[in-house]
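Secondary and tertiary structure notes
Chain residues, written in single-letter form:
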Amino acid sequence: MKPTVLVKQTVLVVDDAAGMRQTLVDILEAAGYSVSIAVDGGAALALARGERFDVILMDIQMPVLTGVEVLAALDHPPPQIVLMTAYALEEQMGKARDHQAFAILQKPFQIARLLHVVAEAAAPCDGNGYRPGLG
Amino acid sequence: MTSIRIPTYRLAAFVVVVVIVSIASVGSLLIRNAVRSEEHRLLQERASEIGLILTEAFSGLQTQMATVAGETQLNGADARAFMASTATLITAQPGSSTVLADAGTDPVRFVAVIGTALPPTAVGPADALIRRALNLRAEITTSVFDEGSAHVIGLAYPVGVGGLVIYRQLPLDPSAAGSATSGSQPFHELTVALYAGPTQEKATLILTTSGQVPLRGSVAVASTTFGADQWLVAINATSPLVGNFATNAFWLVLVGGVVVALALGALADSLLRRREHTLTLVDQRTAELRDSMAKLELAQEQVLRQARLAAIGELAAGVGHELRNPLGVITNAHYLLRAGFEQQGGNGLMRHLALAEREVGAATLIVGDLLDFAGPREPVTTPVGLHELLDEVLDLAAPPSGITVDRDESAGCSPVLADRDQLRQVLLNLITNAYEAMPGGGAVTVVVREAPGGVELQVTDSGVGMDQETAAQVFQPFFTRKARGIGLGLAVTKRIIDAHGGGISVTSAPGVGTTFRVDLPAAVVGAAP
């Protein structure tokens, strides 16, 4: 499941917290991904519309647009979107499921699990381009 | 054994009746005694009056006898002189005899007789009477005796010359006076008996107004002097001298007292019962009021507690949320540090890193419990494999030194239908709980196996254990026996299991250890893996 060296899979990391952003970039790059960053939901939406990412790893609670709002705006996968949250509201969780988020990770998460979920999300998709999330 | 309870008001009423009846009884007794004493005093007065009247009458009789004796002496002290004076001075009565007797002879010889004829000489009591009169000077003497078939009284008075004595003998019928004192006569209310002697002897009875002698009942006696003799008059009253009203006054007081006592008793009973009823009512109302106050206080307390819990919840949610982000960054940084140390061979620092990771794990668990308690979330269920989740949990919360974890999992155990994050929270709570129950080390046994309709999970420690009372409280929020911890882990664990439609129970014995058993529903066959 490891990506090949020649064609790196791309991940967009979106989080308003600089520390989280930085560590996630380092972890994912070390795992062999090509990583871009965005500091809020608005920037993420602009980037995602202009560029193709295999996976978007995005916090829910953010300024400008929340992760769930970005998910709703980018309605058709790919890319697969993995959401992260420190403490999500019931309503946001429901909406995230309705818009077919690939997975929702609760902070803090185990890196092994993060890498597993990102790898699953980045794996080539089937015909209709969507697979159920990992929960 | 049951005892009959007499109401206080009835006892009080009874006491009132008893007291008043007692007072009435004493009063009536005093009145009766006073009335009796007055009655006796009046009777005694009457007796004395009658005695005086008799003394006067006797004095007249003595004067008559003395006059006859004087005239007889003046006119020659012979039978002719006696006959002349007697004829003018004494009225002859039927059956009576007036005699001039000579006591100078033995037996006494009757010199002259006027009235009913007598034998020529005196015999028996008459003889003795005449001889006694001779020895007296200017005094009459009497005697009552039977003369043949007749009851008679004899009177004797000395003439003062030789052995001559004036002697009168009259027939006696004591009961003949009966009608004389009845009707409107003075003393008509009295029964009288007159005795020619100092005592009430029937032989000396001269007259009586009663068929029965001696008199019975309340009797007053008075002595009266008749010449040389003492006579006795005895009386009693046919009707009370003080009057019927006075006599019966004590009954009036007694009956009146009883009636008043009963009336007052009934009144007291009624008033006291009403008072008792009122007091009972007051007590009842007071108790109700107190009850209401207590309920109000309880409600207020509950409202306060709810408000406090809500405030705690809000604070916890805020703090928890803000802590999770830095904890996430620290976790990520630890990962990178570990990778760097592994590449550079900084093994000495790995131990410190592991410690830091463990503490972050503990902090994460506490934050998770706090957030779940503050804002319980409905589980979002997917099929979850317990084996894999247990791997993750034991990786996150590795056993401290001195503690081993034995896993006993049946192969091919069905996945459970659960919220992955919440179930991880449950396992973390149960596993770290087991660690903390064994400060001196020990073994944790985790059993996962199929159970009817689901999967059974058991976490057993060989730790300090707890008694029944403690075991019954472990699922209550903020209950903790540990020096560290806020007492939410097991409360949250139970809430999550209940929300999943599962069950959790605990069995424990002090010094032996504790087992938590969790039952979870299995994922429906055919659901996504």
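Just so it is clear, the structure is predicted and the values come from calculations on it, not from any experiment.

A few points about the packing of helix α6 (residues 386–396) of chain B against helix α7 (residues 420–436) of chain B
Residues and elements named next belong to chain B. Following both chains from N to C, one finds α6 and α7 inclined at 50°, their axes separated by 10 Å at the closest point. As far as their axial angle goes, α7 and α6 are oblique. Regarding α6 and α7, the two cross each other, and that crossing is right-handed. Note on element contacts: α7 touches α6 through Leu423, Arg424, Leu427, Leu428 and Ile431, opposite Leu389, Leu390, Glu392, Val393 and Leu396. Across the contact of α6 with α7, the residue classes tally to eight nonpolar, no polar and two charged.

A look at helix α1 (residues 8–74) of chain B
Relative to the 99 Å expected for 67 residues at 1.5 Å per residue, α1 of chain B spans 98 Å between its end C-alpha atoms, a close match to the ideal helical length. In the stretch just after α1 of chain B, Gly76 of chain B is the one whose phi turns positive, near 115°.

Structural notes on the interface of chain A and chain B
A common way to state how big an interface is: give the accessible area lost once the parts meet. Tallying the contact residues gives 20 residues for chain A and 25 residues for chain B. Looking at the side of chain A that touches chain B, the elements with two or more residues in it are α1 (18–30), α4 (90–98) and α5 (111–122) of chain A. No other element matches the seven residues that α1 of chain A contributes to the side of chain A that touches chain B. For the side of chain A that touches chain B, the per-class residue count stands at 11 nonpolar, five polar and four charged.

Focus on the nonpolar core
Ranked by internal contacts, the top residues of the largest apolar core, which has 87 residues, are Val11, Leu57, Val82 and Leu83 of chain A together with Ile431 of chain B. For this core, the element with the most residues is α7 of chain B, which contributes eight residues. Sequence-distant contacts of Leu83 of chain A, defined by excluding residues within four places in its chain, comprise Met58, Ile60, Gly67, Leu71, Ala96, Ala101 and Ile104 of chain A. Residues Leu129, Ala156, Leu205 and Ala237 of chain B belong to the second largest nonpolar core, which totals 49 residues.

Some remarks on unusual backbone geometry
Across the junction of Lys107 of chain A and Pro108 of chain A, the peptide omega takes the value -10°, indicating a cis bond. Looking at the element boundaries, Pro108 of chain A is found in the loop between β5 (103–106) and α5. Residue Pro107 of chain B follows Asp106 of chain B across a cis peptide bond; omega there is -5°. In this fold, Pro107 of chain B is placed in the loop between β1 (97–102) and β2 (109–115).

What counts and what doesn't
- Residues numbered from 1 in each chain as written.
- Chains lettered and ligands numbered in written order.
- Predicted model: local features only at pLDDT ≥ 70, side-chain atom pairs only at ≥ 80, totals over all residues.
- Axes fitted to C-alpha atoms, helices over the stretch in contact; angles between N-to-C directions.
- Helix = DSSP H or I, 4+ residues; strand = E, 2+ residues; numbered from the N terminus.
- Parallel < 35°, antiparallel > 145°, perpendicular 65-115°, else oblique.
- Left-handed = near helix turned anticlockwise from the far one by under 90°.
- Contact = placed C-beta atoms within 7 Å.
- Nonpolar A, V, L, I, M, F, W, Y, C, P; charged D, E, K, R; others polar.
- Expected span 1.5 Å × (residues − 1).
- Core = buried A, V, L, I, M, F, W, Y, C linked by C-beta atoms within 7 Å.
- Buried ≥ 20, exposed ≤ 12 C-beta atoms within 10 Å, placed from the backbone.

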